[in-house]
Amino acid sequence: MRYLQYKGVIEREYKKSLKKIMFDLCVNEGLTASQGAKKLGVAKEIFVYWQHHYRYERKQLLFDQIVNELDKLQDVYAEDVKSIDLSKPFLYENEESLRGLEELIGRMIDYYKTVHYNSKGLAIETAKLPMYEFSRRVVDRYRNGVLLEEAKKTVIT
């Protein structure tokens with residue numbers, strides 16, 4: 001028999017399209033090619049062909065999932081970027097203070113959000129964004145006294 005003949009037999013037996021059958025076996029049940037072929041009663045070569053045709057191999061599924069997530073990355077900062085003005089002057093430029101540090105951290109966060117948005121989430125340099133967001137949280141914790149309390153708890157007496 002040919003692939004199409006096997007396909008017809010399987011679809012009649014399961015009363016579903018082959019794509020749905022393969023989705024159930026490969027994605028929902030997570031069967032390997034050997035297990036799936038055995039369950040359907042076809043040669044492993046046929047099952048592997050169908051798996052590849054419908055993109056239900058584990059690596060293909062993972063790749064497709066990553067591509068879908070990358071497509072969503074651009075929208076993460078879409079609203080933030082609308083209100084960002086990177087050309088505004090620094091207020092605390094000549095000041096070595098906590099206010100100056102906060103301003104610089106905020107500006108760097110805005111810059112990397114803009115780069116992230118413009119590159120659709122693919123620019124490597126945006127990997128620095130979480131570091132600056134973490135820095136902002138540390139400064140906020142310092143201002144609120146939470147960092148001092150945490151430090152006092154960790155001091156061994």
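Preceding this section is the structure that the text describes.
Residues numbered from 1 in each chain as written. Predicted model: local features only at pLDDT ≥ 70, side-chain atom pairs only at ≥ 80, totals over all residues. Heavy atoms only, no water.

Enquirer: Residues and numbers for the overall build of the protein, please.
Expert: From N to C terminus, the protein includes nine helices and zero strands. Each helix (α) and strand (β) of the protein, taken in turn from the N terminus, gives the series α-α-α-α-α-α-α-α-α. Dimensions of the protein, computed from C-alpha atoms along their principal axes, come out at roughly 80 × 50 × 25 Å. In the protein, buried positions account for 27% of the 157 residues. (Helix = DSSP H or I, 4+ residues; strand = E, 2+ residues; numbered from the N terminus. Buried < 20%, exposed > 50% of the residue type's maximum accessible area, 1.4 Å probe, protein only.)

Enquirer: Residue-level account of unusual backbone geometry, with values.
Expert: Of note in this structure, K15 is not a glycine but carries a positive phi near 55°. Tracing the backbone through its elements, the reader meets K15 in the loop between α1 (3–14) and α2 (18–28). With phi around 60°, R55 is a residue other than glycine that occupies positive phi space. Topologically, R55 is positioned in the loop between α4 (44–53) and α5 (58–73). The partly exposed category is assigned to R55, whose relative accessible area is 35%.

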